[in-house]
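Structural characterization, general
The primary structure of each chain is shown beneath.
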Amino acid sequence: MSVTTPRRNKIYVWLDERAGIGRLIGGALDEPIRGGARWAYVFGSALVFLFSLQVVTGIFLAMYYVPSSDHAHASVAYIQKAVSGGALLRGLHYYGASAMIMIIVAHISQTFLYGAYKGKRELVWIVGGALLLIVLGFAFTGYLLPWDQDAYFGTKVGTSIAGEIPLVGPLQQRIMLGGSEITSLTLSRFFMVHVFLLPLSLAILVVVHIYLFRKAGPAGPFHSKADHRVERFYPRQLLKDFVFVLVVFIVLIALAHFIPARLGPQADPTSDFLARPAWYFLPLFELLKYFPGKLSLIPTVVLPAVLFGVIFLLPFFDRRGERHPLRRPVASAALVFTLTGAIGLIVLSKYQDRANPEYSAKLKQQDEEAIAFMKSPFQPQEIGRSIPTAPPTVVSNPLEAGSTPQKIFFANCANCHGTSAEGGTLGPSLVNLERRRKLTADFLANWIAGHGREPSADSMPRFRQLTEGEREELAEWLLKVDKPLAQPETNPQPGRDGEAPAAFVASCAFCHGDRGEGNIGPSLAGITSKPNRGPEELLRMLSNSRAFGLKDPMPESFPDLSDKDKQAIVEWLSRLKSQ
Amino acid sequence: MTTEMTDEELSPDRRRFLGALIGLISSGITTVLGVTIGRYTIAPALSNTNVGEWTDVGLLEEIPEGKPVKRNVVVSQDSGWGRFNSQRLVWVIRKGEQVTVFSAACPHLGCTINETSNGFICPCHGSAWSADGERLGGPTPRGMDMLDHRVEGDLLKVKYQYFKQGVAEKEEAG
Ligand code: FES
């Protein structure tokens with residue numbers, strides 16, 4: 001009779017007779033451990049726990065998450081900032097991922113150091129290697145999902161490393177991204193892989209791994225002295241496992257609580273964000289610095305190939321029975337070298353960033369932006385504000401009109417809110433704002449700057465090109481506007497050489513300036529020589545302003561431009577660079 | 001090789017104690033997770049999602065005297081990460097100081113009510129109402145649904161609501 005059999009109450013007996021749970025429980029708990037329970041053996045169970053934790057937290061994160069470049073960031077911000085318990089669940093998932101990588105490295109190192117892959121345990125070890133790959137795949141695909149600056153640019157670095165691989169690299173990169181760029185399609189792919197493919201593969205392989213391990217039996221301690229002491233898994237080893245799991249859980253909770261999982265501002269592909277991959281990819285990232293050009297093959301292909309080659313083939317080469325780490329000096333040294341090397345590279349990479357004044361300033365600024373975003377209250381994304389489609393009024397010479405705030409108004413606000421401020425093509429009426437909306441100047445100035453709100457294609461762009469003073473002045477003045485403004489004089493200056501095509505003047509000039517010099521929208525001079533802004537891409541953008549996932553997108557619906565007009569605009573823009 | 005199970009040395013009491021510790025740890029972790037997930041799942045479902053009850057219709061002076069005018073009002077609902085704005089139609093009638101606002105949703109099955117020269121009709125199944133919104137005929141079970149409004153300064157605001165369709169008494173739809 002097994003000692004672990006619980007007291008035989010009726011339910012147990014009923015179940016056991018039908019489902020054979022006694023054998024199952026006994027089989028799981030009575031596994032003999034040669035040499036007795038040890039703390040060194042806790043990592044495997046901790047990984048099973050962490051995987052379960054990732055599954056549970058992941059399932060519930062998916063309840064609010066939206067895998068689309070339009071909404072992913074807003075939905076993660078919602079989870080992080082607005083839902084009760086959301087920050088904790090996301091924190092557990094976020095730090096749980098890092099914990100999983102650390103503990104899988106510990107698990108593999110322990111197995112390696114103890115020579116526990118020896119003696120008919122090849123398959124256990126090889127399946128373990130595959131599990132490591134899957135866990136890295138999880139980390140890589142999960143990193144993109146929040147769609148913030150870190151996610152976007154970190155993934156960009158990661159996928160371009162994959163693109164460096166000769167011959168297959170570029171093709172593989174395209175397949176991975178679902179195109180040449182990180183777009184909504186990439187997000188969908190990563191989501192599918194992260195949420196369906198990898199969990200399924202991992203679950204199957206974990207079962208296989210544990211089955212094979214139970215079949216081969218634990219290797220036990222490495223010293224050759226015959227140790228005849230044998231202890232069952234339950235209760236002392238299981239308790240050790242649970243104590244370790246508890247410690248890991250408490251650490252994760254504390255991290256999630258005190259250092260909330262980071263979420264920066266929404267990804268802006270056009271920004272000059274200084275990309276850094278997640279810490280576990282830093283060793284590879286750092287190595288790339290030392291192997292420029294063709295040599296980059298070494299860190300991207302050769303080293304990983306060697307590492308995983310060793311992992312997969314090791315048990316077939318190393319057939320000596322010796323398991324004591326001190327009597328396997330080459331193997332032990334290789335392990336120590338690999339681990340210290342990886343840690344050293346991480347430290348080195350952090351140190352270099354700190355030592356470089358330019359980088360450290362930029363990284364610090366990015367950190368501050370992320371912290372500011374974390375602190376700002378949650379702002380729901382505005383969905384479905386109607387946009388009337390009357391063609392915009394073009395006012396050629398607005399800066400001549402009225403007092404200063406009014407000038408600012410004509411130059412920046414009038415295109416959408418109408419020259420009379422009664423509401424126009426895209427924006428609502430601003431007349432009587434104070435009375436109708438009970439707004440304060442402070443709020444309005446902040447709104448204009450876009451602090452704490454996230455523009456979508458339907459919402460007002462941020463007017464960060466105005467100085468703070470200008471924004472305040474404008475806000476104060478706007479609140480006092482209680483009747484429609486007098487129309488400024490329209491003063492067209494047609495027909496100069498190299499003048500923008502009519503379609504540009506009618507549809508683009510108000511934001512990008514009469515000659516593309518920039519206003520609310522960025523300057524377009526030389527745009528076609530920028531990456532991803534060639535004539536073809538611009539045509540695409542004119543047809544679908546969301547094609548590139550810009551952070552401050554252009555308005556969603558232009559008055560429909562004909563293909564000829566689009567062509568004319570793009571042609572003119574290409575010439576703009578040579579002027 | 002002798003297999004001497006050393007844990008046989010553990011007294012049954014000690015075994016039970018260690019087992020209880022294991023149970024304690026696992027139920028502790030499960031409870032923390034369970035409570036968090038429960039809050040996370042339930043709280044948003046219970047929170048109030050209407051963004052401000054009163055929405056702008058327009059300045060009073062913009063509403064012409066006597067003749068019904070159709071107005072768009074924006075109804076906002078917070079749902080998770082998004083604030084979903086949608087437009088609803090209302091009919092506004094002003095007679096001097098007296099303002100009436102009707103929902104343009106037909107009490108029969110919700111089509112949009114149109115105006116005629118002397119009242120209102122619904123194009124879907126031909127219900128008809130007088131200029132005051134009284135039921136005249138057709139499948140509609142009741143008169144047009146009046147909405148609460150108020151005037152702030154010279155700004156007209158309305159509290160847009162949905163009502164149950166197909167019942168004789170006007171009753172807010174849940
Ligand atoms: S829906 Fe209006 S009459 Fe049927």
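**Digging into the overall build of chain B**
The helix and strand tally for chain B stands at one helix and eleven strands. Secondary structure elements of chain B occur, N-terminal to C-terminal, as β-α-β-β-β-β-β-β-β-β-β-β. The buried share of chain B, reckoned over its 174 residues, is 39%. Counted over contacts in chain B with a minimum sequence separation of 6, partners at least 24 positions apart contribute 44%. As presented, chain B carries roughly 9400 Å² of accessible surface, and 53% of it is formed by carbon and sulfur atoms.

**Brief notes about the overall build of chain A**
Along chain A, the regular secondary structure elements total 23 helices and three strands. By the burial criterion, 48% of the 579 residues in chain A qualify as buried. Excluding contacts between residues fewer than 6 apart, the proportion of contacts in chain A whose partners are at least 24 apart in sequence is 74%. In the structure as shown, chain A presents an accessible area of about 29200 Å², 64% of it carried by carbon and sulfur atoms.

**What about the state of the cysteines?**
Residues and elements named next belong to chain B. A complete count under the given rule lists one disulfide over all chains for this structure. Disulfide pairing places Cys111 opposite Cys124 at an S-S distance of 1.8 Å. An S-S torsion of about -95° defines the bridge between Cys111 and Cys124 as left-handed. Taken together, the residues Cys111 in the loop between β5 (98-103) and β6 (114-115) and Cys124 in the loop between β7 (119-121) and β8 (128-130) connect sequence positions 13 residues apart.

**Some remarks on the sheet that holds strand β11 (residues 155-159) of chain B**
All names here are of chain B. Sheet architecture is open: three strands sit in the order β2-β11-β10, paired in antiparallel fashion. Every interior strand has two partners, whereas the edge strands, β2 (54-59) and β10 (148-152), have only one. Between one strand axis and the next, the sheet turns by 30° as a mean value, whatever way the strands run. In this sheet, β11 lies alongside β2 in antiparallel orientation, the contact comprising five bridges.

**So, the pairing of β11(B)**
All names here are of chain B. Extensive coverage of β11 is indicated by the burial of five of its five residues. Residues Leu155, Lys157 and Lys159 line one face of β11 and the alternating positions Leu156 and Val158 line the opposite face, and both faces are buried. Here β10 folds back onto β11 in antiparallel fashion, the turn holding two residues, of which Gly153 has a positive phi close to 65°.

**A look at helix α13 (residues 329-355) of chain A**
Residues and elements named next belong to chain A. Here α13 is 27 residues long and its end C-alpha atoms lie 37 Å apart, about the 39 Å a rise of 1.5 Å per residue gives. Listing the buried residues of α13 in full gives Ala331, Ser332, Leu335, Leu345, Ile346, Ser349 and Asp353. Among the structural elements, α5 (86-113), α11 (282-290) and α14 (357-375) are those in contact with the buried residues of α13.

**Some details on the interface of chain A and chain B**
Taken together, the contact pairs 53 residues of chain A with 39 residues of chain B. Between chain A and chain B, a total of about 4200 Å² is buried, with carbon and sulfur atoms accounting for 66% of that surface. Between the two partners, chain A and chain B, sit zero salt bridges. At the junction of chain A with chain B, the criterion picks out eight residue pairs in polar contact (both at pLDDT 80 or more). When contributions to the side of chain A that touches chain B are tallied by element, the ones reaching two or more residues are β1 (32-34), α3 (42-61), α4 (72-82), α5, β2 (229-232), α10 (233-258), β3 (381-383) and α17 (433-437) of chain A. In terms of residues, the side of chain A that touches chain B owes the most to one element, α10(A), which gives eleven residues. For the side of chain A that touches chain B, the class distribution of residues is 31 nonpolar, eleven polar and eleven charged. As defined by bridge partners, β3(A) adjoins strand β4 (residues 82-95) of chain B across three bridges and the pair is classed as parallel.

**Description of the pattern of salt bridges**
Any two side chains of opposite charge can pair, so long as their charged atoms come close to each other. Residue and element names in this part refer to chain B. The final tally for this structure, using the stated rule, is 23 salt bridges over all chains. A salt bridge links Asp78 to Arg83, with the shortest nitrogen-to-oxygen separation between them at 2.8 Å. Of the charged contacts, one joins Asp132 and Lys95 as a salt bridge, the two residues approaching to 3.3 Å between their closest N and O atoms. Here Asp132, found in the loop between β8 and β9 (135-137), pairs with Lys95, found in strand β4; they are 37 residues apart in sequence, far enough to count as distant. Judged by its relative accessible area of 47%, Lys95 falls in the partly exposed class. Three or more residues joined by partner-sharing salt bridges are found here, namely Asp56, Arg150, Glu152 and Lys157.

**Overview of the confidence of the model for chain B**
All names here are of chain B. Summing up the model confidence of chain B, the mean pLDDT is 87 and the portion of residues at 70 or higher is 93%. Ranking the elements of chain B by mean pLDDT puts strand β1 (residues 4-5) last with 58 and β8 first with 94. ipTM for the predicted complex: 0.74, alongside a pTM of 0.70.

**With respect to the pairing of β10(B)**
With five bridges connecting them, β10(B) and β11(B) associate as antiparallel partners. In the sheet register, B:Glu152 faces β11(B), and the bridge partner there is B:Leu155.

**Let's talk about the packing of α13(A) against α14(A)**
All names here are of chain A. Axis separation between α13 and α14 bottoms out at 5 Å; the angle between their running directions is 95°. Judged by the inter-axis angle, α13 sits roughly perpendicular to α14. Here Asp353, Arg354 and Ala355 of α13 come into contact with α14, specifically with Pro357, Tyr359, Ser360 and Leu363. Classifying every residue of the contact of α13 with α14 by side-chain character gives four nonpolar, one polar and two charged.

**A few points about helix α1 (residues 10-19) of chain A**
Regarding α1(A), its N-cap is A:Asn9, as a side-chain oxygen of that residue lies 3.2 Å from the backbone nitrogen of A:Ile11 further along. Just past α1(A), the residue A:Gly20 takes up positive phi, approximately 60°.

**Here we look at the environment of A:Phe373**
Mapped onto the secondary structure, A:Phe373 falls in helix α14. In the structure, A:Phe373 is positioned 107 residues away from A:Gln266 in sequence and 9.4 Å away in space, judged by C-alpha atoms.

**Concerning the packing of helix α8 (residues 168-177) of chain A against helix α9 (residues 184-216) of chain A**
Residue and element names in this part refer to chain A. Where α8 contacts α9, the two axes come as close as 7 Å, and the packing angle between them is 85°. In terms of axis orientation, α8 runs roughly perpendicular to α9. Taking contact as the criterion, the partners of Ile175, Met176 and Leu177 in α8 are, on α9, Leu185, Thr186, Arg189 and Phe190. For the contact of α8 with α9, the residue count by class is five nonpolar, one polar and one charged.

**Some points on the nonpolar core**
Counting 59 residues, the largest nonpolar core has A:Leu50, A:Ile103, A:Leu202 and A:Leu252 as the members making the most contacts within it. Going through the elements one at a time, α3, α5, α6 (122-144), α9, α10, α12 (297-317) and α13 of chain A together with α1 (12-46) of chain B are the ones with two or more residues in this core. Beyond its immediate chain neighbours, meaning those up to four positions away, A:Ile103 contacts A:Phe43, A:Ala46, A:Leu47, A:Leu50, A:Phe244 and A:Val248. Listed in part, the 39 residues of the second largest apolar core include A:Ile79, A:Phe190, A:Leu288 and A:Phe378.

**Focus: a nonpolar patch on the surface**
Residue and element names in this part refer to chain A. The grouping of Leu295, Leu297, Ile298, Val302, Leu303, Val306 and Val310 at the surface amounts to a nonpolar patch, some 510 Å² of accessible area in total. Tracing the backbone through its elements, the reader meets Leu303 in helix α12. Look at Leu303 and you get partly exposed, because its relative accessible area is 39%.

**What about the side chain of A:Ser75?**
Looking at where A:Ser75 falls in the secondary structure, it is placed in helix α4. Once residues lying within four places of it in the same chain are set aside, the contact partners of A:Ser75 are A:Tyr64, A:Tyr65, A:Val66 and B:Trp81.

**Side note on the sheet that holds β6(B)**
In space, the four strands of this open sheet follow the order β6-β7-β8-β9 (chain B), with antiparallel pairing throughout. Two strands in the sheet have a free side with no partner beyond their single neighbour: β6 and β9 of chain B.

What counts, and at which threshold
Residues numbered from 1 in each chain as written. Chains lettered and ligands numbered in written order. Predicted model: local features only at pLDDT ≥ 70, side-chain atom pairs only at ≥ 80, totals over all residues. Heavy atoms only, no water. Helix = DSSP H or I, 4+ residues; strand = E, 2+ residues; numbered from the N terminus. Buried < 20%, exposed > 50% of the residue type's maximum accessible area, 1.4 Å probe, protein only. Contact = heavy atoms within 4.5 Å. Areas by Shrake-Rupley, 256 points an atom, 1.4 Å probe, with all protein chains shown as cover. Disulfide = S-S within 2.5 Å. Pairing = 2+ DSSP bridges. Axes fitted to C-alpha atoms, helices over the stretch in contact; angles between N-to-C directions. Expected span 1.5 Å × (residues − 1). Buried area = accessible area lost by both parts, 1.4 Å probe. Salt bridge = Lys/Arg side-chain N within 4 Å of Asp/Glu carboxyl O. Polar contact = N/O pair within 3.5 Å; in protein donor to acceptor, adjacent residues only side chain to side chain. Nonpolar A, V, L, I, M, F, W, Y, C, P; charged D, E, K, R; others polar. pLDDT = per-residue confidence, 0-100. Parallel < 35°, antiparallel > 145°, perpendicular 65-115°, else oblique. Core = buried A, V, L, I, M, F, W, Y, C linked by side-chain atoms within 4.5 Å. Patch = residues over 30% accessible without salt bridge, like charges linked within 9 Å, V, L, I, M, F, W, Y side chains within 5 Å.

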